[in-house]
Amino acid sequence: MILLLLGMGPSTENLSIFDPVSPPAESIRNLSVLVLAITGFIFIAVEGILIYSIVRFRRPAATGVTPGADAEPPQVYGSKPIEIAWTAAPALVVFVLVLVSARTLWEVNVPPPEPRAGDNTLFVTVVGRQWWWEYQYDHYNGRPIRAVGPDGKETELPVITANELHVPTSAGGVSRRVFLTLKSADVCHSFGVPRLAGKTDLIPGRTNSMWFQTDQPGLYVGQCYEYCGTQHANMLIRVYVDSPSDFQNWLDLQQQDRWPKQDDPRLRDERVREGEKAFLAQSCVSCHAVRGTPAKGKYAPDLTHLMSRRTLASGMIANDPDDYPLDNLKKSKLLAWVADPQKIKPGCLMPAFGLSDRDRDNIVRYLLTLR
Ligand code: CUA
């Protein structure tokens with residue numbers, strides 16, 4: 001009960017199902033409250049009668065032998081009204097719970113519609129991976145979401161990001177629904193953000209889906225809910241519900257290649273250029289992608305806009321590019337991560353590459369420019 005109450009606080013780490021902000025989560029909360037009320041009532045009634053009986057019909061201890069204490073109380077057999085009552089009452093309770101559960105399933109489990117123009121709906125494909133989340137932005141408001149090349153024209157490339165999901169809020173009477181298509185690249189995972197919707201499994205070889213929609217902007221946290229290996233506990237989810245215009249700005253940025261313009265001042269920094277060269281020469285590129293460069297790996301998070309994310313390593317460590325002391329990179333978590341990810345997230349699929357100090361520093365300087 002204490003844990004439950006703690007979970008209801010207003011903190012951003014709120015994982016309580018009793019504080020929903022989206023219709024599927026509300027349906028689940030309503031069902032949970034009803035089930036808790038019914039089972040709670042039964043629990044209290046049964047335990048109450050039990051305790052009453054124990055206390056009321058105790059054998060008196062002081063007198064030792066009480067005449068007639070060993071005699072059995074009158075036994076009741078074959079009372080039709082009682083038999084009918086205690087068969088019908090539980091059956092009725094179960095029947096009610098079945099009906100309400102079925103209605104909740106109906107409300108929660110909405111198959112994704114076809115995207116169409118003006119539907120204000122966001123479609124994202126979520127791929128569960130050991131041990132992070134990949135988000136591919138598919139459609140918004142009926143339009144396919146595509147990466148934009150250096151010439152400002154849309155390409156065929158998808159927009160992919162990791163771990164932090166940005167979605168628009170329903171504002172001004174317009175409902176903006178979010179449909180997630182859930183897949184797995186390796187083992188079973190489960191995507192769950194309790195205040196937005198229930199958990200849904202990501203199963204290899206199978207496609208599941210879930211939906212939510214909220215008019216309350218903010219950060220909603222969740223995690224993987226299916227044991228999936230060593231770092232299951234560190235497969236954290238952050239859902240940022242932005243105002244529609246903030247979301248559009250975020251999406252515009254994500255669609256851009258690494259550096260939108262060739263005259264970007266960052267390109268003039270010698271050490272950043274060296275860092276890019278080192279990055280592209282290392283095996284980083286066989287797993288990571290940076291759009292607009294030869295790095296096209298697909299097994300690890302897309303780094304094109306790494307610095308637009310507030311956390312690294314699937315929500316494990318904070319990431320704020322403005323906090324990095326360039327004169328003392330040793331303090332930066334990003335450097336520690338690049339130097340040896342196994343120290344921060346043991347078992348994760350990124351090895352330590354044994355980079356020279358200079359290469360490592362330069363690569364971090366380069367990564368810092370991927371905003
Ligand atoms: Cu993924 Cu647990």
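Heads up: the structure comes first, above all this text.
Residues numbered from 1 in each chain as written. Predicted model: local features only at pLDDT ≥ 70, side-chain atom pairs only at ≥ 80, totals over all residues. Heavy atoms only, no water.

Turning next to the overall build of the protein chain. Each helix and strand in the protein chain was counted, giving 9 helices and 13 strands. For the protein chain, the C-alpha radius of gyration of 28 Å lies well beyond 21 Å, the compact-globule estimate for 371 residues. If one aligns the C-alpha atoms of the protein chain with their principal axes, the spans along those axes are about 100 × 50 × 35 Å. In the protein chain, which comprises 371 residues, the share counted as buried stands at 41%. Within the protein chain, contacts between residues at least 6 apart in sequence are counted, and of these 63% link residues at least 24 apart. Computed over 39 positive and 39 negative side-chain charges, the inter-centroid distance for the protein chain is 1 Å. (Helix = DSSP H or I, 4+ residues; strand = E, 2+ residues; numbered from the N terminus. Rg over C-alpha atoms; globule rule 2.2 N^0.38 Å. Buried < 20%, exposed > 50% of the residue type's maximum accessible area, 1.4 Å probe, protein only. Contact = heavy atoms within 4.5 Å. Lys, Arg positive; Asp, Glu negative; His and termini not counted. Charge placed at Lys NZ, Arg CZ, Asp CG, Glu CD.)

Another point: the pairing of strand β10 (residues 218-224). By the criterion of burial, β10 is predominantly enclosed, with 5 of the 7 residues buried. Bridging between β10 and strand β11 (residues 236-242) involves 6 bridges; their strand directions are antiparallel. Bridge pairing links V221 to R238 in β11. (Pairing = 2+ DSSP bridges.)

All right, on to the sheet that holds β10 then. A sheet is described by the order of its strands in space; here 5 strands give the open sequence β5-β11-β10-β7-β8, paired in mixed fashion. The open sheet has two edge strands with one neighbour each: β5 (164-168) and β8 (200-202). Sheet twist, expressed as the mean angle between neighbouring strand axes with direction ignored, is 25°. Two elements, β5 and β11, share 5 bridges in a ladder whose sense is parallel. Residue pairing across strands places E164 opposite R238, the latter belonging to β11. Together, β5 and β11 form the strand contacts of helix α4 (residues 244-255), whose direction differs from that of β5 by roughly 130°. (Axes fitted to C-alpha atoms, helices over the stretch in contact; angles between N-to-C directions.)

Time to look at the side chain of S190. Here S190 is to be found in strand β7 (residues 189-192). On the basis of relative accessible area, S190 is assigned to the buried category, the value being 2%. Among the polar contacts made by the side chain of S190, one reaches the side chain of D201 at a distance of 3.1 Å. Leaving out residues up to four positions away in the same chain, S190 has contacts with W133, K199, T200, D201, L202, Q223, C224, Y225 and E226. (Polar contact = N/O pair within 3.5 Å; in protein donor to acceptor, adjacent residues only side chain to side chain.)

Our next topic: the pairing of strand β1 (residues 122-129). Counted residue by residue, β1 has 8 buried out of 8 residues, so it is predominantly covered. The hairpin turn running from β1 into strand β2 (residues 132-140), its antiparallel successor, is 2 residues long.

Take helix α9 (residues 357-368) next. Its 12 residues give α9 an end-to-end C-alpha distance of 17 Å, which sits within 8% of 16 Å, the value for a rise of 1.5 Å per residue. Among the 12 residues that make up α9, 9 are buried, leaving the element largely enclosed by the rest of the structure. Residues of α9 that are buried include every one of R360, D361, N362, I363, V364, R365, Y366, L367 and L368, and no others. Next to the buried residues of α9 lie α5 (270-281) and α7 (333-339). (Expected span 1.5 Å × (residues − 1).)

With that settled, the discussion passes to the nonpolar core. Counting residues in hydrophobic clusters, the biggest one holds 34 residues, and the most contacted among them are Y137, L165, L180, F191 and V239. At the level of elements, β1, β2, β5, β6 (178-184), β9 (208-212), β10, β11 and α4 are the ones that each hand at least two residues to this core. With 4 residues, β2 is the largest single contributor of residues to this core. Among residues more than four places away in sequence, those in contact with L180 are V124, V126, L165, F191, N208, S209, M210 and F212. Residues V272, A295, V364 and L370 belong to the second largest nonpolar core, which totals 28 residues. (Core = buried A, V, L, I, M, F, W, Y, C linked by side-chain atoms within 4.5 Å.)

Counted according to the given criterion, the structure contains 9 salt bridges. Between E274 and R358 there is a salt bridge whose closest N-O contact spans 3.3 Å. Highlighted residues: E274 in helix α5 and R358 in helix α9, separated in sequence by 84 residues. Classification of E274 by relative accessible area gives partly exposed; the value is 27%. For R358, a relative accessible area of 44% gives the class partly exposed. (Salt bridge = Lys/Arg side-chain N within 4 Å of Asp/Glu carboxyl O.)

Another point: the environment of D361. Its location among the elements puts D361 in helix α9. C-alpha of D361 to C-alpha of Q256: the two residues are 105 residues apart in sequence and 25 Å apart in space. When residues no more than four places from it in sequence are discounted, the contact partners of D361 are R271, L329 and L335.

Between its first and last C-alpha atoms α4 spans 16 Å; for 12 residues at 1.5 Å apiece the expected length is 16 Å, and the two agree. Among all positions in α4, only F247, W250, L251, Q254 and Q255 are buried. Each buried residue of α4 sits inside an arc of 135° when the element is viewed along its axis, so together they form one side. On its buried face, α4 sits against β1, β2, β4 (159-162), β5 and β11. (Arc of directions from axis to C-beta.)

Before going further, it helps to examine the packing of helix α2 (residues 23-56) against helix α3 (residues 80-108). Between α2 and α3, the shortest axis-to-axis distance is 9 Å and the interhelical angle comes to 170°. Regarding the angle of α2 to α3, the classification is roughly antiparallel. Taken together, the residues of α3 that come into contact with α2 (itself represented by P24, S27, I28, L31, L34, V35, I38 and I42) are V93, L97, V100, S101, T104, E107 and V108. Residues of the contact of α2 with α3, tallied by class, amount to 11 nonpolar, 3 polar and 1 charged. (Parallel < 35°, antiparallel > 145°, perpendicular 65-115°, else oblique. Nonpolar A, V, L, I, M, F, W, Y, C, P; charged D, E, K, R; others polar.)

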